[in-house]
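Chain residues, written in single-letter form:
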Amino acid sequence: MKTAEIREAFLSYFESQQHTRVASSSLVPHDDPTLLFTNAGMNQFKETFLGLEVRDYTRATSSQRCVRAGGKHNDLENVGYTARHHTFFEMLGNFSFGDYFKREAIQFAWTFLTEVLGLPKARLWITVHISDDEAAAIWIDEIGIDPNRLSRLDEDNFWQMGDTGPCGPSSEIFYDHGADVPGGPPGSEDDDLDRYIEIWNLVFMQFNRDADGTLHPLPAPSVDTGMGLERIAAVLQGVHSNYEIDLFQALIAATAARLGVTDLEHKSLRVIADHLRSCCFLVADGVLPGNEGRGYVLRRIIRRAIRHGSKLGADGPFFSALVPELVAQMGDAYPELRDSESRIASALANEEDQFARTLDNGLSILDGELAALSGTVIPGELVFRLYDTYGFPVDLTNDIARERGFTLDLDGYEAAMDEQRKRSQEGGSFKVDYSNTVALEGETEFTGYDSGVSEATVM
Ligand code: ATP
Ligand code: MG
Ligand code: MG
Ligand code: MG
């Protein structure tokens with residue numbers, strides 16, 4: 001089944017179960033300062049879960065475009081390293097607003113996977129929240145899951161869209177890609193090794209978390225589910241990595257042809273194909289590369305893609321030239337992409353022109369310094385100079401460092417940044433924005449746009 005057919009099969013199945021098909025919302029959340037980018041299908045229904053908005057349906061289904069490149073769910077650093085993470089992906093979902101709850105949510109998911117899609121039951125693994133006896137009993141007694149293929153986990157089975165907002169215990173379905181792939185089942189020590197890949201998360205929405213962290217019951221128990229379209233496509237197409245599915249293979253082939261690369265498995269091709277999707281969809285939804293907030297996240301992703309192109313030998317602009325291939329692949333499902341094609345291409349081309357001027361110089365400075373370095377920590381002062389003079393976002397420098405076995409002195413970088421901030425306040429005329437700092441690992445906190453603070457702050 002092609003990716004586009006899977007999307008349609010999902011939406012039609014849930015329509016046949018009385019769900020209203022709702023279009024994807026924008027990647028730029030409407031009127032929600034707690035959210036950097038749309039990161040899940042439930043975002044557009046947040047107010048409905050909270051009981052603040054009433055819709056004329058109580059069951060919905062959607063295929064939601066999502067970006068996880070900042071804020072609570074951030075997968076930017078995973079791209080190129082795991083088989084299953086993208087910055088941009090589509091989340092298939094079914095939702096109940098005070099209509100059905102755990103039993104039906106589990107039954108729908110199981111029927112869709114094993115009957116509509118025909119997945120072998122023996123390949124599926126289930127997790128539930130450690131406290132959720134009810135969900136465990138439904139899986140074991142009603143669905144007939146072998147208790148040895150069900151794990152009860154804690155944090156991994158409690159889902160929340162952000163630091164505040166709707167949340168609840170969840171039950172997840174994993175697909176076992178087979179003993180050829182290293183890794184253990186959910187809850188085991190090496191469960192993040194991509195043998196057992198999480199395909200579907202069923203969230204039993206029960207609470208609203210407030211700013212103090214207190215949980216308040218929702219007006220009615222509800223259901224929010226999310227299944228990564230690219231992950232289920234990999235399963236159905238008999239491949240392990242998302243990057244091997246039809247859609248990604250087309251993007252990778254176009255990139256390889258453009259750059260004259262013959263090794264189609266090259267990691268950088270995957271990164272470029274991934275970043276092409278997030279960048280194009282972000283521009284289509286009105287984000288432009290800039291020095292702050294969402295625009296700076298977009299700039300970071302574009303520059304990272306350009307650096308991977310340069311690694312593959314690109315000696316001129318290539319990224320914006322890939323836009324037509326993306327439109328060919330995804331324009332039918334997302335007509336807004338086709339409508340903004342020329343706007344997207346010119347935004348990417350501008351950024352490419354700008355960065356091309358400094359990328360090569362920055363890279364040769366970095367190469368020279370690394371050759372002379374003793375130890376494996378890149379000094380903060382150099383990380384800062386690459387940022388300040390050559391426009392290298394910190395995560396780009398980190399991406400290069402990681403490939404070569406180096407780490408960054410982030411404290412030193414912060415100190416150099418502080419120094420420069422002080423100097424620029426004294427000098428008055430300095431134009432660079434020093435408010436952008438970026439966490440490389442773990443949580444980044446989005447503090448909202450009204451606070452005047454950059455969205456990504458090192459914690
Ligand atoms: P993982 O543990 O693999 O990072 P997750 O638990 O963070 O996934 P959820 O927040 O539960 O993901 O999102 C629901 C579903 O969306 C996941 O089960 C998965 O199929 C898909 N998904 C999540 N993050 C990504 C991503 N970065 N790229 C592609 N698909 C994703
Ligand atoms: Mg994740
Ligand atoms: Mg998970
Ligand atoms: Mg999950």
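Now for a look at the structure at hand. (Residues numbered from 1 in each chain as written. Chains lettered and ligands numbered in written order. Predicted model: local features only at pLDDT ≥ 70, side-chain atom pairs only at ≥ 80, totals over all residues. Heavy atoms only, no water.)

## Notes on the nonpolar core
- Within the largest apolar cluster, 112 residues are counted, with the highest numbers of intra-cluster contacts made by Leu 113, Trp 139, Ile 199, Trp 200, Ile 232, Phe 319 and Leu 337.
- No other element matches helix α7 (residues 267–284), which puts 11 residues into this core.
- Among residues more than four places away in sequence, those in contact with Phe 319 are Ile 272, His 275, Leu 276, Cys 279, Ile 302, Ala 305, Leu 348 and Glu 352.
- Counting 19 residues, the second-largest nonpolar core is a separate cluster that includes Val 22, Leu 50, Tyr 57 and Phe 95. (Core = buried A, V, L, I, M, F, W, Y, C linked by side-chain atoms within 4.5 Å. Buried < 20%, exposed > 50% of the residue type's maximum accessible area, 1.4 Å probe, protein only. Helix = DSSP H or I, 4+ residues; strand = E, 2+ residues; numbered from the N terminus. Contact = heavy atoms within 4.5 Å.)

## Description of the coordination of the magnesium ion (ligand 4)
- Of the protein atoms, only Glu 172 (OE) and Glu 198 (OE) coordinate the magnesium ion (ligand 4), at distances of 2.0 to 2.2 Å.
- A gap of 3.2 Å separates the magnesium ion (ligand 4) and the magnesium ion (ligand 3), which Glu 198 links by coordinating each metal. Of this pair, Glu 172 sits in strand β7 (residues 165–176) while Glu 198 sits in strand β8 (residues 196–209), and the two are 26 residues apart along the sequence. (Donors = N, O, S within 2.8 Å, 3.2 Å for Na, K, Ca; no water.)

## As for helix α5 (residues 229–236)
- For α5, the tally of buried residues reaches seven of eight residues, placing the bulk of the element in the interior.
- Every buried residue belonging to α5 is among Leu 229, Glu 230, Arg 231, Ile 232, Ala 233, Ala 234 and Val 235, and all of these are buried.
- Two residues or fewer past α5, Gly 238 is found with a positive phi of approximately 70°.

## Observations concerning the site of ligand 1
- The environment of ligand 1 is made up of 18 residues, and the closest members are Asp 75, His 85, Trp 159, Glu 198 and Asn 201.
- The contact in question runs from a nitrogen atom of ligand 1 to an N or O atom on the side chain of Asp 75, over 2.7 Å.
- Glu 198 has a polar side-chain atom sitting 2.7 Å from an oxygen atom of ligand 1.
- Considering ligand 1 on its own, with 600 Å² of exposed area, one finds that the protein chains cover 88% of that surface. (Near = heavy atom within 4 Å. Polar contact = N/O pair within 3.5 Å; in protein donor to acceptor, adjacent residues only side chain to side chain. Areas by Shrake-Rupley, 256 points an atom, 1.4 Å probe, with all protein chains shown as cover.)

## Quick look at the side chain of Ser 62
- Turning to its location among the elements, Ser 62 is positioned in strand β2 (residues 59–67).
- Leave out the neighbours within four places in its chain, and Ser 62 touches Phe 10, Leu 11, Val 22, Gln 44, Met 91, Leu 92, Gly 93 and Phe 95.

## Things to note about the environment of Ala 9
- For Ala 9, the position within the fold is in helix α1 (residues 3–16).
- Separated by 50 residues in sequence, Ala 9 and Arg 59 have C-alpha atoms that sit 17 Å apart.

## Some words on unusual backbone geometry
- Phi at Gln 18 is positive, roughly 65°, even though this residue is not glycine.
- As for its placement among the helices and strands, Gln 18 is situated in the loop between α1 and β1 (20–21).
- The exposure class of Gln 18 is exposed, given its relative accessible area of 58%.
- Positioned with a positive phi, Asp 31 is a non-glycine residue whose angle comes to about 60°.
- Here Asp 31 shows up in the loop between β1 and α2 (46–50).

## A closer look at the pattern of salt bridges
- Per the stated rule, a full pass over the model turns up 32 salt bridges.
- For Arg 195, the salt bridge is made with Asp 176, and the minimal N-O distance between the two is 2.8 Å. Of the two residues, Arg 195 is situated in the loop between β7 and β8 and Asp 176 in strand β7; the sequence distance between them amounts to 19 residues. Here Arg 195 matches Asp 176 in class, with each residue buried.
- One salt-bridge network, in which partners are shared between bridges, spans Lys 267, Arg 304, Arg 307, Lys 311, Asp 399 and Glu 403. (Salt bridge = Lys/Arg side-chain N within 4 Å of Asp/Glu carboxyl O.)

## Some points on the packing of aromatic side chains
- Counted according to the given criterion, the structure contains 26 aromatic pairs.
- Ring geometry for Phe 10 and Phe 14: centres 4.8 Å apart, planes at 45°, overall tilted. In this pair, Phe 10 and Phe 14 are both assigned in helix α1, four residues apart and thus about one turn of the helix distant. Each member of the pair, Phe 10 together with Phe 14, is buried.
- When the ring centre of Tyr 81 is taken as origin, the NZ or CZ atom of Arg 402, which lies over that ring, is 3.5 Å away. (Phe/Tyr/Trp six-rings, centres within 6.5 Å; stacked < 30°, edge-to-face > 60°. Lys NZ or Arg CZ within 6 Å of the ring centre and 35° of its normal.)

## Let's talk about the environment of Arg 270
- Its place among the elements puts Arg 270 in helix α7.
- Looking at Arg 270, the relative accessible area reads 18%, which means it is buried.
- Remark: the alpha-carbon pair of Arg 270 and Ser 63, spanning 207 residues in sequence, is separated by 23 Å.
- Apart from the residues within four sequence positions on either side, Arg 270 is in contact with Ser 241, Tyr 243, Glu 244, Ile 252 and Glu 265.

## Digging into the packing of helix α8 (residues 293–311) against helix α11 (residues 341–372)
- For the pair α8 and α11, interaxial distance at closest approach is 10 Å and the crossing angle is 60°. Judged on the interaxial angle alone, α11 and α8 are oblique. Between α8 and α11 lies a crossing whose hand is right-handed. Touching Arg 299, Ile 302, Arg 303, Ile 306, Arg 307 and Ser 310 of α8 are Leu 348, Glu 351, Glu 352, Gln 354, Phe 355, Leu 359 and Leu 363, all from α11.
- Split by residue class, the contact of α8 with α11 holds six nonpolar, two polar and five charged. (Axes fitted to C-alpha atoms, helices over the stretch in contact; angles between N-to-C directions. Parallel < 35°, antiparallel > 145°, perpendicular 65-115°, else oblique. Left-handed = near helix turned anticlockwise from the far one by under 90°. Nonpolar A, V, L, I, M, F, W, Y, C, P; charged D, E, K, R; others polar.)

## A word on helix α6 (residues 246–259)
- Along its 14 residues, α6 runs 20 Å from first to last C-alpha, staying within 8% of the 20 Å computed at 1.5 Å per residue.
- Those residues of α6 that fall on the buried side of the exposure criterion are Leu 247, Phe 248, Ala 250, Leu 251, Ile 252, Thr 255, Ala 256 and Leu 259.
- In the core, the buried residues of α6 are packed alongside α1, α5, α7, α8 and α9 (323–330).
- Positioned one or two residues after α6, Gly 260 has a phi angle of 65°, which is positive. (Expected span 1.5 Å × (residues − 1).)

## Digging into the packing of α1 against α5
- Packing of α1 against α5 leaves a shortest axis separation of 10 Å and a crossing angle of 110°. For the element pair α1 / α5, the angle class is roughly perpendicular. Between α1 and α5 lies a crossing of right-handed hand. On the side of α1, the interface is formed by Thr 3, Ile 6 and Arg 7, while α5 contributes Leu 229, Ile 232, Ala 233 and Leu 236.
- For the contact of α1 with α5, the class distribution of residues is five nonpolar, one polar and one charged.

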